[in-house]
Amino acid sequence: MTRILFVCHGNICRSPMAEFIMKYIVKREGVADEFVIESAAAQDDELGNDMYPPAKAVLREHEVPFERRQARLVRRSDYSKWDYIIAMDEENLYDLSYILGGDPDKKVKLLMTFSGEKRAVSDPWYTRDFEKAYSDIKRGCEDFFAALTTKK
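Residues numbered from 1 in each chain as written. Predicted model: local features only at pLDDT ≥ 70, side-chain atom pairs only at ≥ 80, totals over all residues. Heavy atoms only, no water.

S.K.: Looking at this model, I keep getting lost on the overall build of the chain. Mind explaining?
M.R.: The number of helices and strands found in the chain is six helices and four strands. Against the compact-globule benchmark of 15 Å for 152 residues, the chain has a radius of gyration of 14 Å, which places it among compact chains. Its C-alpha atoms give the chain principal-axis dimensions of roughly 40 × 35 × 30 Å. Put simply, the chain has 152 residues, and 49% of those count as buried. Considering only contacts within the chain whose residues lie at least 6 apart along the sequence, 73% involve residues at least 24 apart. When the accessible area of the chain is evaluated, it comes to approximately 7,600 Å², of which 50% is carbon and sulfur surface. In the chain, the 24 positive side-chain charges and the 27 negative ones have mean positions that sit 3 Å from each other. (Helix = DSSP H or I, 4+ residues; strand = E, 2+ residues; numbered from the N terminus. Rg over C-alpha atoms; globule rule 2.2 N^0.38 Å. Buried < 20%, exposed > 50% of the residue type's maximum accessible area, 1.4 Å probe, protein only. Contact = heavy atoms within 4.5 Å. Areas by Shrake-Rupley, 256 points an atom, 1.4 Å probe, with all protein chains shown as cover. Lys, Arg positive; Asp, Glu negative; His and termini not counted. Charge placed at Lys NZ, Arg CZ, Asp CG, Glu CD.)

S.K.: Explain the environment of Glu91 to me, please; I cannot follow it from the model alone.
M.R.: Summarising the element assignment, Glu91 is placed in helix H4 (residues 90–100). Separated by 82 residues in the primary sequence, Glu91 and His9 have C-alpha atoms spaced 8.0 Å apart.

S.K.: I keep staring at the pattern of salt bridges and nothing clicks. Help me out?
M.R.: This model, assessed by the stated rule, comprises 15 salt bridges. With a shortest N-O distance of 2.9 Å, Arg28 and Glu29 are connected by a salt bridge. In this structure Arg28 comes out as partly exposed when scored by relative accessible area, which is 39%. Note on Glu29: relative accessible area 41%, which makes it partly exposed. Among the charged side chains, a network of salt bridges with common partners joins Glu117, Arg119, Lys132, Asp136 and Arg139. (Salt bridge = Lys/Arg side-chain N within 4 Å of Asp/Glu carboxyl O.)

S.K.: Where do I start with helix H1 (residues 14–28) in this structure?
M.R.: For an α-helix, the turn length of 3.6 residues means that residues three or four places apart are oriented alike. An ideal rise of 1.5 Å per residue puts 21 Å on 15 residues; H1 measures up with 21 Å between its terminal C-alpha atoms. Of all 15 residues in H1, eleven are buried; the element is thus mostly enclosed. Every buried residue belonging to H1 is among Arg14, Ser15, Pro16, Met17, Ala18, Glu19, Phe20, Ile21, Met22, Ile25 and Val26, and all of these are buried. Within two residues after H1, Gly30 carries a phi angle of roughly 75 degrees, on the positive side. (Expected span 1.5 Å × (residues − 1).)

S.K.: What exactly am I supposed to notice about the packing of aromatic side chains here?
M.R.: What the rule picks out here adds up to six aromatic pairs. Connected via pairs of aromatic rings, a cluster forms that spans Tyr52, Trp125 and Phe130. Positioned over the ring face of Trp82 is Arg3, at 4.7 Å from the centre of the ring. Lying across the ring of Trp125, Arg128 places its NZ or CZ 5.8 Å from the centre. (Phe/Tyr/Trp six-rings, centres within 6.5 Å; stacked < 30°, edge-to-face > 60°. Lys NZ or Arg CZ within 6 Å of the ring centre and 35° of its normal.)

S.K.: Even after reading the chapter, I still don't get the nonpolar core, so can you show me in this structure?
M.R.: Nonpolar side chains in soluble globular proteins tend to be buried together. Ile4, Phe6, Met17 and Met22 are the most contacted members of the largest nonpolar core, which has 35 residues in total. Elements that contribute at least two residues to this core include exactly strand E1 (2–8), H1, strand E2 (35–41), helix H2 (53–61), strand E3 (84–87) and helix H6 (130–151). Residue contributions to this core peak at eight residues, all from H6. (Core = buried A, V, L, I, M, F, W, Y, C linked by side-chain atoms within 4.5 Å.)

S.K.: Teacher, can you tell me more about the pairing of E2 here?
M.R.: Along any regular strand, the residues point their side chains to alternate faces of the sheet. Most of E2 sits inside the fold, with five of its seven residues counted as buried. Relative to E2, E1 is paired through seven bridges, and the arrangement is parallel. Across the sheet, the residue bridging to Phe6 is Ser39, located in E2. Crossover handedness for the path E1 to H1 to E2: right-handed. (Pairing = 2+ DSSP bridges. Right-handed = clockwise from strand over helix to strand, strands pointing away.)

Below you can see the structure in the form of structure tokens.
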């Protein structure tokens, strides 16, 4: 069982989009029962809120199923529960280092590094470009899945 936790600032845009895109990918590939995939926030300003409506809209446009959920905060105890903790940007990496108390097992990664780029996933909260965020996340998740399946 491979356990993946996606993390962004508030857990209402990028990380839940990544959660549902990755769930879609593993289901499409017929291996959904081999994965546990969730998302969480690095900051507490959106705790309890569902995914932001424009994020839902872009997933709908691309026929990626999603369900109602509530933003939750990453906890120090998450480190031992997840095989991969995937951040959307450098600020998330910084926050995760503080929350988790480090990364001795090298579980924490930036999503776009799986696509060969050391950069952030475009943040639609500021840009309002949910399509660009979707494109980054889909590419990152597809490349992450490819990396995971070549390891097996």
